[in-house]
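# Residue-level structural notes
Here is what each chain is made of, one letter per residue.
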Amino acid sequence: MLPLLREWPGLFLSSLLLLATAVAAPTQETNIGSPSDTSAATLANNVTELRIFLTEDSGMVRGEIATARPSNVAELSLAMEEGTVTFRDDGAGPDRVKGDGVFSARFKFDTTAEFEALRAGLRATIDVLRDPDQDILIRRGPRDIVTAADAIRDAELKTPEILNTARQEAERAARLLDFQDPLRAAKALDINVATTPFQRLPGPQFDPLERKQFKVEYLFEFPIFTTFPPPAPRVAIDRDRSLLITAKDVVEDGDRSFDACTGTGSPGGPWSFGHLMRELAYDTGLTPEEFTLHWLLSWRLPHEVNGWIVPARDHQQLQHFIDGWRGLSPNGLLDIDYFPARLLAIVNRPDLADRIGFGDVGNAGEGRLVFGLMTGSCTPASFTVIFEYGIAANSCIEVKAWQRRWKDLDQFGVGTAAYNQALESVTRAFTDHGSKPSQLPNASSLSRMRTNENVLASGWQMREFRLEETGLLDVVPVKQTPDNGFNGSGILLDYFVINEADILNDRHVVRERFPDDLDPFLGGAAKTLFESFFWSAPNLDSLIEPSETRRKFSLATCNGCHAGETGTRFTHIGNEGRREMGQPAELSGFLRGETVTVPMSGSALRRYEDLKERETAMSELLENSCFWLLAFQRSPLVH
């Protein structure tokens, strides 16, 4: 793509000192803000740590929400299981110091159940510290799974003092396993429960270097490493029923889906492409057919996106799709219910829940429907379309209730009439107009639509669309992915240097402009010309953590995740986006579970199993207390 604005040389700034052995914390904003900031969003982004202290009152604890810096906020009221709880930073009641940015409150909390839930992780951590050469995987952060030996070896090089302290405390920590009651355990080990937190969780702005501690959960100041797969959760998740649904009897449901090429199903069914487009066209002044044609024709003309010209694709191939649609439509008149698209999957993304408990800035994740388009001759095309809907949630209670609706699908056999009816109730809560009245004129919950295709021209291209003020779908920059021209460039290295800390902590958000406000950086489309594609830059040795910085940045991009960084052949659902009738869509190894060699690393390995990551996220949303969910870490992989 060609930039409309001039490029300036990158600014090579000195590297930031970084501690990079961590469970990472993605966030939407990395600025801490000023002391006068009072918004819930600012407080949500500024949480450094959550702490729980035991008390002598059975079932009662003192909780603390620590933020990165003081603000003018004196109290914060949050909806929790027992009702509204007010956390104070005024020095009164349970709050120790006025105006220090630490909000405190007393509330009910089942410490015995929490203590029991941590036992497996505590035991595994002690075992790893005693003997790291075990067949155990450690999850150091989102999509960062390594062997225990590699994790310990890495810590020995980067954080030897922290590791040695944990080793010295291991035998003492092992005594905790002798007790069922945490208060009795604390007294037996002479732990001062007034000053030593029973549990600590890192928040988005946790600084491991400043605290000189791992960025993991702590039990009485002893770190708990996250093993992978994690210990059996208190709430088990059935991924095929409540996370990524590809069963034939669902995607080919005769009452709810429709395949125009085979005539299977019901035209306009609630899981059909036509139904979703009809709902998006609501109150735009266009028919669903006009609305869809406007979207399709966006590939016919060049577009200016973030200062780049995104070239048109092959208009003859596009016309072939349109002619095929017309040929399938009754009487040769375009009918949205006969658009040639085949349902591949219905998806719940609990791992994308964000800022839980902080009012209307939070959400419960996303719901998605994935389609593969058909060619004009009705053969499956390498062309996927994903409708991605945001799920609004003003409180932790609403987040839990939403995920419970997905979990309740477990009581039915997948694909049965009862299951499909219950699933329809879930999906229509976000696909139908009126689900988000504030998004005018469509009143739609659609956050974005993403496409990935290689049939309109050579090479795979990803695009992102959002609803504009007119209600039409418009091309917007692809998230987290610079223009392809920056791959291997010095400007990308400059970006790595300046943002290395945020990249390694999985909280970087790729800016639209870099290095200057006049310079376009974020891409107008993402191209994947070959399946081994990944992102890199020259002179990586100038970074503190060259391999990990490169890997995490590349993994978070659209084209890196869909190609060489994860060993994926362009799509994660469908065989290059295709599905044959009567068969479920294939899933990539990245989703199902695979170990890949990290590009440019020689022989370094990473384990990816994204469905397990999503299982863990959903389980945490359902089983963890609303207090702990204030630190829930949104997945950095938005695609």
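Residues numbered from 1 in each chain as written. Predicted model: local features only at pLDDT ≥ 70, side-chain atom pairs only at ≥ 80, totals over all residues. Heavy atoms only, no water.

### Describing the environment of Asp 181
By the element assignment, Asp 181 lies in the loop between α4 (160-174) and α5 (182-188). You can call Asp 181 partly exposed: its relative accessible area is 27%. Expressed as a C-alpha distance, the spacing of Asp 181 and Leu 352, which sit 171 residues apart in the sequence, is 34 Å. Among all residues touching Asp 181, those that are not within four sequence positions of it are Thr 112 and Phe 115. (Helix = DSSP H or I, 4+ residues; strand = E, 2+ residues; numbered from the N terminus. Buried < 20%, exposed > 50% of the residue type's maximum accessible area, 1.4 Å probe, protein only. Contact = heavy atoms within 4.5 Å.)

### Some points on the packing of aromatic side chains
In total, this model carries 36 aromatic pairs according to the counting rule given. Their ring planes at 15° and their centres at 5.9 Å tell us that Phe 87 and Phe 627 sit as a pair that is stacked. Within this pair, whereas Phe 87 is found in strand β5 (residues 83-88), its partner Phe 627 is found in the segment after α18 (610-623), the two being separated by 540 residues in sequence. Considered together, Phe 87 and Phe 627 belong to a single accessibility category, that of buried residues. Site record: aromatic cluster; members linked through ring pairs are Phe 273, Trp 295, Trp 299, Phe 321, Trp 325, Phe 339, Phe 371, Phe 383, Phe 387 and Phe 465. Cation over ring: Arg 62 sits above Phe 53, and NZ or CZ is 4.1 Å from the ring centre. (Phe/Tyr/Trp six-rings, centres within 6.5 Å; stacked < 30°, edge-to-face > 60°. Lys NZ or Arg CZ within 6 Å of the ring centre and 35° of its normal.)

### Quick word on the state of the cysteines
One pass over the full model with this rule turns up 2 disulfides. Covalently, Cys 261 is tied to Cys 378 through a disulfide, its sulfur atoms 2.1 Å apart. In this structure, the disulfide formed by Cys 261 and Cys 378 twists by about -85° around the S-S bond and is classed as left-handed. Placement of the pair is Cys 261 in the loop between β14 (258-259) and β15 (264-265) and Cys 378 in the loop between β19 (363-374) and β20 (380-392), with a sequence separation of 117 residues. Classification of Cys 261 by relative accessible area gives partly exposed; the value is 21%. A sulfur-sulfur distance of 2.1 Å marks the disulfide that ties Cys 396 to Cys 626. Torsion about the S-S bond of the Cys 396 and Cys 626 cystine: about -85°, corresponding to left-handed handedness. (Disulfide = S-S within 2.5 Å.)

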